[in-house]
Amino acid sequence: MKEDQIVERFLVVVSLILVVFVGANEGKGKISEPRDEGITINVDKQPLGLVFRELMSKHNLNIGFEQSTRDQGKNYFDFDTNMPLEGIFSRQSPDASVSVQVSVRHNFNAGSYPVSLNLVNASIEDVFNAIVPQMKNYDWEMRDGVINIFPVSGRVKRLAALLDLKIRHFQLREGSMVADIIPALLDLPEFQQFRRINRITFSPIREGSETLIGMQYGRRIDGAMQFENITFRDLLNRITRIKRGGWILKIQGKTNEGGVLGDLDI
């Protein structure tokens, strides 16, 4: 065999090895990207949570929501920040791994803001230009691959300041669960200082059915996370692109000590 033929075959083999190697590692720590190839959605007077569930599950959209004071105490704009929600899920413990069949029935309440859409092959821009005006008091932008919905009326100054807060370092080790994210955020020194100064309290505990909470927040994250010198808003967006789904930041009410009770769901 001639020398140039040997070299050619060697390069082919190396190329094939590289293709296999890249393909095998492509999904590790993979960032979730929205699919904007054309969104078709037809809903009539449905809760926002159901609309977002369809957009997240079918089009891989990630959504962040900062609630207005005008909607404080209302759950009209609640949505599931973690997918998947239906089907067969594996729940692991140190002793056993159990598969559970879960069929989720929505308990979203449209209240005064039912959402209606009739869109065919629409862009993400078309979809959210149709949704957000039906929510009142809000606008939206695409930020780092995540749709961010924020108040244009009744914005909470403390929440706005929190989202602009500079975070020096955030890390979540590989193999962590979605449930580990909120405690890690609440433990940030910048977050704790902000909480003390602004007299705002957050709880790491999610309320609801233990099985459903386990299925949503017990999912293992694909890869580690490490971010440096980033605003809290951008941190929420970066985390969401990896774990998929969304985040919600809002004020629940006042504490007995005169402070504020906040809620962070991611």
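On a predicted model such as this, the values are computed, not experimentally measured, just so you know.

### Let's talk about the overall build of the protein
Logical step 1: The helix and strand inventory of the protein stands at 8 helices and 12 strands.
Logical step 2: Across the 266 residues that make up the protein, the buried fraction comes to 45%.
Logical step 3: Sequence separation of at least 24 residues holds for 69% of the intrachain contacts in the protein that already meet a minimum separation of 6.

### Overview of the sheet that holds strand β11 (residues 246-254)
Logical step 1: Read from one edge to the other, the open sheet built from 6 strands follows the order β6-β7-β2-β11-β12-β9, with strand pairing classed as mixed. Each having just a single partner strand, β6 (138-143) and β9 (200-201) make up the two edges of the open sheet.
Logical step 2: As judged from the 3 bridges shared by strand β2 (residues 63-66) and strand β7 (residues 146-151), these two strands associate in the parallel manner. The partner of glycine 64 across the bridge, within β7, is asparagine 148.
Logical step 3: Contacting β2, β6 and β7, helix α3 (residues 124-135) runs over the sheet at an angle of about 155 degrees to β6.

### Observations concerning the pattern of salt bridges
Logical step 1: Inspection of every chain in the model, using the stated rule, returns 9 salt bridges.
Logical step 2: The salt bridge partner of glutamate 54 is lysine 58, with a shortest N-O separation of 3.5 Å. Taken together, the residues span about one helical turn, with glutamate 54 and lysine 58 both in helix α2 (residues 48-59) at a distance of 4 residues.
Logical step 3: A relative accessible area of 48% means that lysine 58 is categorised as partly exposed.
Logical step 4: The partner of arginine 233 in a salt bridge is glutamate 66, and the shortest N-O contact between them spans 3.3 Å. Of this pair, arginine 233 sits in helix α8 (residues 232-243) while glutamate 66 sits in strand β2, and the two are 167 residues apart along the sequence.
Logical step 5: The buried category is assigned to arginine 233, whose relative accessible area is 4%.

### What to know about α2
In an α-helix, one turn spans 3.6 residues, which is why side chains three or four residues apart end up on the same side.
Logical step 1: Given a rise of 1.5 Å per residue, 12 residues ought to cover 16 Å, and the 16 Å separating the end C-alpha atoms of α2 matches this to within 8%.
Logical step 2: Taken together, the buried positions of α2 are occupied by Leu48, Gly49, Val51, Phe52, Arg53, Leu55, Met56 and His59.
Logical step 3: The inward-facing, buried residues of α2 contact β1 (39-46), β2, β5 (115-122), α3, β7 and β11.
Logical step 4: Residue asparagine 60 follows α2 closely and has a positive phi angle near 60 degrees.

### Quick look at the nonpolar core
Logical step 1: By size, the foremost hydrophobic cluster in this structure holds 37 residues, and its most contacted members are Phe170, Leu185, Phe232, Leu235 and Ile239.
Logical step 2: Excluding residues within four positions of it along the chain, leucine 235 makes contact with Ile167, Phe170, Leu185, Leu188, Phe227 and Ile230.
Logical step 3: Core analysis: the next-biggest nonpolar cluster, separate from the first, contains 31 residues, Ile63, Phe77, Ile124 and Ile248 among them.

### Observations concerning unusual backbone geometry
Logical step 1: Of note, asparagine 121 is a non-glycine position whose phi angle comes to about 50 degrees, a positive value.
Logical step 2: Structurally, asparagine 121 is set in strand β5.
Logical step 3: With a phi angle near 50 degrees, arginine 199 is a residue other than glycine that sits in the positive phi range.
Logical step 4: Along the chain, arginine 199 turns up in the loop between α6 (189-198) and β9.

### Overview of the pairing of β11
Logical step 1: Among the 9 residues in β11, 7 count as buried, and that is most of the element.
Logical step 2: As paired elements, β11 and strand β12 (residues 260-265) share 6 bridges and run antiparallel to each other. In the strand pairing of β12, lysine 254 is matched with valine 260.

### So, the confidence of the model for the protein
Logical step 1: Of all residues in the protein, 77% attain a pLDDT of 70 or more, and the chain-wide mean is 82.
Logical step 2: Every residue in residues 2-29 scores below 50 in pLDDT, and together they form 6 contacts with partners more than four places removed in sequence or on other chains.
Logical step 3: Of the regions scoring below 50 in pLDDT, residues 96-103 engages in 22 contacts with residues more than four places distant in sequence or in other chains.

### Quick notes on the side chain of aspartate 263
Logical step 1: By the element assignment, aspartate 263 lies in strand β12.
Logical step 2: The buried category is assigned to aspartate 263, whose relative accessible area is 11%.
Logical step 3: Beyond its immediate chain neighbours, meaning those up to four positions away, aspartate 263 contacts Phe202, Arg206, Ile248, Leu249, Lys250 and Gln252.

### Describing the packing of α2 against α3
Logical step 1: Where α2 contacts α3, the axes come no closer than 12 Å and their chain directions differ by 165 degrees. The angle between the axes of α2 and α3 places the two elements in the roughly antiparallel class. The interaxial crossing formed by α2 with α3 has left-handed handedness. Counting all contacts with α2, which are made through Leu48, Val51, Phe52 and Leu55, the residues of α3 involved are Val127, Phe128, Ile131 and Met135.
Logical step 2: Among the residues forming the contact of α2 with α3, the class breakdown is 8 nonpolar, no polar and no charged.

Conventions used here
Sequence order as written defines residue numbering, which begins from 1 separately in each chain. It should be noted that, the model being predicted, local features are given only for residues of pLDDT at least 70 and side-chain atom pairs only at 80 or more, the latter also being counted only at that level, while totals for whole chains, interfaces and linings use all residues. By convention in this description, side-chain values take in all heavy atoms of the structure and omit both hydrogens and water. To qualify as a helix, a DSSP run of H or I must reach at least 4 residues; to qualify as a strand, a run of E must reach at least 2; elements of each kind are numbered from the N terminus. The rule is simple: take the accessible area with a 1.4 Å probe, protein chains only, and divide by the maximum for that residue type; under 20% is buried, over 50% is exposed, in between is partly exposed. Any pair of residues with heavy atoms lying within 4.5 Å of one another is described as a contacting pair. Pairing between two strands requires that DSSP report at least two bridges joining them. Angles here are taken between N-to-C directions and fall from 0 to 180 degrees, while the axes themselves are lines fitted to C-alpha atoms, restricted in helices to the stretch in contact. We count a salt bridge whenever a side-chain nitrogen from Lys or Arg sits within 4 Å of a carboxyl oxygen from Asp or Glu. A helix is expected to span 1.5 Å for every residue after the first. Among buried residues, the Ala, Val, Leu, Ile, Met, Phe, Trp, Tyr and Cys ones that are joined through side-chain atoms within 4.5 Å form a nonpolar core. Summary of the metric used: pLDDT quantifies the predictor's per-residue confidence within the range 0 to 100. Should an angle lie under 35 degrees it is considered roughly parallel, over 145 roughly antiparallel, and from 65 to 115 roughly perpendicular; all remaining angles are considered oblique. Crossing handedness is defined as follows: a turn of the near helix away from the far one that is anticlockwise and smaller than a right angle gives a left-handed crossing, while the clockwise case is right-handed. Polar here means any residue other than Ala, Val, Leu, Ile, Met, Phe, Trp, Tyr, Cys and Pro, which are nonpolar, and Asp, Glu, Lys and Arg, which are charged; Gly is therefore polar.

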